[in-house]
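# Inside the fold
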Amino acid sequence: MATFRAEVFQNEFLPDGGTDVHAIVTVSASGVGGAGTSGAGVAEIVMIDTSGSMTGPMLAAAKHAAQVALDHIPDGTWFAIVSGSHVAQRVFPYPNAPVAIVQMEPAARAEAKRAVARLSAQGGTAMSTWLRLADQIFATQPAVTQRHAILLTDGKNESEPRDQLTAAVTAVTGRFQCDARGVGERWQVDELREIATALLGTVELIANPADIAEDFRSLLAASLSRGVSDAQLRVWTPQGGQVLFVRQVAPTVEDLTARRTTVTPLVGAYPTGAWADESRDYHVAVRLPSKPLGAEQLAARVQVAVGGEVVAAGLVKAAWSDDASLTARISPEVAHYTGQAELASAIQEGLAAKAAGDEATATVKLGRAVQLAAETGNEEATSKLRRVVEIDDEEHGTVRLKRGASRLDEMALDTASTKTSRVRR
Amino acid sequence: MSGTGTAVVCPACGEAAGDGARFCEACGAPLAAAHGTGPDGADSADPSSAVPGSTDPGPAPGDPASSGAASPDPAQSGAASPGGSPEGTPPAGTAVDGASPCPACGGDVADDGYCAQCGARAPVERDHREERAAPHVAGVSDVGVRRRRNEDALALGAVPGPDPGATGGQAAGSSPGEDVSVLVVCDGVSSAPDSDVASQAAATAARDTLVAGAAHVPADDAAAWSRLLVAAGHAADDAARAAVDDATARQDPPSCTFAAAVAGPGLLVAGWLGDSRVYWLPDAGTPEQLTEDDSVAAELMADGMSRAAAERSPQAHAITRWLGADAEDTTARTVATRPGGPGWVLACSDGLWNYASAPEAVADLLRDAVARVGDDPLALSRDLVAWANASGGHDNVTVALARVPGTAAAGGGPADPQDDPHDDAGTAPTVRRRPPGSLPGEPPTDTGPSAP
């Protein structure tokens, strides 16, 4: 039986007139069985880009990776394979099969592998069609609520306008989770990030096609270890209070603020998807009307709800004090993650400026990123930054743009920008 | 509470909740504790639960359990609820419907101790406690304005004194002439966590010791009373150390001051460690501060600094003696005096004397309060606490008052303290005689306290 725990880290003391309360809430799940132990069944769909650009070793690697994935989907798991170009096609179960999705068993596995082997590459790329087809396939088994998809592409979503992709993402949000992978350097990080963010998944660059198989294996292993299919973060704020933002800050930065659904006038729910034994950190910021010195109140109740039932809760407090030694402190956890969030946006803004030709802004932003990465011990970000900028002074963020930085290096930095380092406690 | 065990209603928002659900689906408030399906109001172990009537200003109904010894008047003893503990945790099963609404907005208070609507912290009983041990013995302890937790503690008692002149049939009424009044005030050291737990345990233990011993000590034996006060101090110290399990292991174990006064027929004895005080405020005559603070400010005054300057100095409130696991010497100093006439014994924490320190100031304060609210000690205590809060309320404030009638006890006792053959500074440990009429506010020039 999964146990959730919520711990709150904050400085609850506000100065006279202070209104903003920040807290880091660490939510930990333990005792979560593997996927399917909650009883309702698990479904996996692998979506492979078969647009013309994939022709050659890229497609071969993708097909191999799909077959590896099939080996790692255990018997009993519902699954399907989709090939996507400017249209989406169900590869297995076969297009003329009466069912859209089947449970894994040895014969199905063998047939699916044969179907994958016959894939060929042609056409453009319109990922909205892939997402909608996956959604339709999942929907044929409404009882199976833990739904996960892997999307692999090598190029831009060139066959449709961006808002068509956005509309599809919006339509399928909340219906399944999706991890997005881009192989090579011709795909757009922001397109896949849009998909992964909305569908509660991760986005990664795979530089070498030979690595796709291993990536799929670990994605499936992670997905299948999630025994809690859906948990919600619920935030209660008092009457007169206002949620400034709710962000996941570890393991990756994701702004959840806009994904709030209303439970009651004072309680909002934010989706967090499926959980394995893991812990995630959230940064919650609330604005309250200021109270007189000496007053104390609750700024927020942060709860975890599984299946509609609250299973863990933490209290975020506010206390007004005239003691400067209390109010001036910043909770180390809040400071760390505020820095991490700033790091993510500094990297993304710096790369965007560089792409737009604004080298001055790019230098400043990426310099700030270097500084933050060093301060917060985010070594992965530092190493990826090094491939894009020459670091003259880490402490002061003095950098120079590297002339020969490859597109792949920039994309690697971009996709890694949302990965945070945990606060050291 | 459990009722039929089927329909369960959320105490915070009123939504029906599923059987066995631990949290309300609509608002997230916790429902029942681990046992039972009914939404119990307060878990009896939860100290932050709101208690009905905890801020009720009415004299009798709001009082928690008062003193141990019999308060013979049934009207008063009716107020002592046997199930309530001094900590104010309500008996299990205080129904949800009875939970008092949030004082800030009228909403329901969730089990986590905060309002489900506006988030205000629900007042805990300790935030404002009133106690009455007898018609003439009462006190109030309040969290103050600026502090979030009340670390002051109060414990009162009234014992019908042994009447040497009476025959077997003793009058049942608690006539003030025979009663022994017991006042105990303990102020937790706020820098040490859990000092509030220690202070309450200490005050209760000291009061119980005094009340139990009162029956056996001759009414006018100052030395014996002093020894009883010292014993009460030790009992309080033991209780303070035992109040938390790991007290000795902590770097900053819970600690508190101790100030106790026993007012018997014709004799008033006070014992103390720290800077909580006992004042003697006669109706006619010179008011006195009976205790002498164990504090840096008092040492400065002993060296000749004026009271005003000493109490303003930076370390003024640093106390030099206290109760707790890290206290070296917990033998209370004591002082005995014979009231020359009627008056008030006032025991208080520094939350009051921070705003009125010199005995004359306290006497004036009390006189004004009597003019405002009459001579009921509970009303007076409330008034003084309100005055301290109005003056700033920077600290927890506790005031306890006992009315001393000042008439000669039946059977006689010398009105003139100088003639009392029992007063013998040489045989009594740590007794210091201070005849009434000595200049108030001056450090004692006669015999200082004997070595403990």
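The rules behind the values
Residues numbered from 1 in each chain as written. Chains lettered and ligands numbered in written order. Predicted model: local features only at pLDDT ≥ 70, side-chain atom pairs only at ≥ 80, totals over all residues. Helix = DSSP H or I, 4+ residues; strand = E, 2+ residues; numbered from the N terminus. Buried ≥ 20, exposed ≤ 12 C-beta atoms within 10 Å, placed from the backbone. Pairing = 2+ DSSP bridges. Contact = placed C-beta atoms within 7 Å. Axes fitted to C-alpha atoms, helices over the stretch in contact; angles between N-to-C directions.

### Digging into unusual backbone geometry
- Between Phe92(A) and Pro93(A) the backbone carries a cis peptide bond, its omega angle lying at -5°.
- Along the chain, Pro93(A) falls in the loop between β6 (88-92) and β7 (102-103).
- Cis geometry is adopted by the peptide bond preceding Pro251(A), which originates at Ala250(A) and carries an omega value of 0°.
- Within the secondary structure layout, Pro251(A) lies in the loop between β12 (242-250) and β13 (254-255).
- With phi around 65°, Asp194(B) is a residue other than glycine that occupies positive phi space.
- Take Asp194(B): it is sitting in the loop between β6 (179-187) and α2 (195-214).
- We classify Asp194(B) as partly exposed; it has 18 C-beta atoms within 10 Å.

### Observations regarding the pairing of strand β4 (residues 137-142) of chain B
Residues and elements named next belong to chain B.
- With six of six residues buried, β4 is to be regarded as a mostly interior element.
- Across the two faces of β4 the burial is the same, with Val137, Gly139 and Ser141 and Ala138, Val140 and Asp142 all buried.
- When strand β3 (residues 128-134) meets β4, the two strands line up antiparallel, connected through six bridges. The residue of β4 that forms the bridge with Glu130 is Val140.
- What sits between β3 and β4 in their antiparallel hairpin is a turn of two residues.
- Pairing analysis gives six bridges linking β4 to strand β15 (residues 397-404), with the strands arranged antiparallel. In the strand pairing of β15, Val137 is matched with Ala402.

### Notes on the sheet that holds strand β10 (residues 277-282) of chain B
All names here are of chain B.
- Strands sit in the order β3-β4-β15-β14-β10-β11 across an open sheet of six strands; the sheet is antiparallel. One side of each edge strand has no neighbouring strand; the edge strands of this open sheet are β3 and β11 (288-289).
- Running over the sheet, helix α7 (residues 359-373) touches β10, β11 and β14 (343-348) and is turned about 65° from β10.
- In this fold helix α8 (residues 377-390) packs onto β3, β4 and β15, with an angle of close to 150° to the strand it touches most, β15.

### Some words on the environment of Ala270(B)
All names here are of chain B.
- The topology assignment puts Ala270 in strand β9 (residues 267-273).
- Looking at Ala270, the number of C-beta atoms within 10 Å reads 28, which means it is buried.
- C-alpha separation for the pair Ala270 and Val335, spaced 65 residues apart in sequence, amounts to 5.4 Å.
- Contact partners of Ala270, with chain neighbours within four places excluded, come to Ala260, Ala261, Val278, Leu290, Thr291, Thr334 and Val335.

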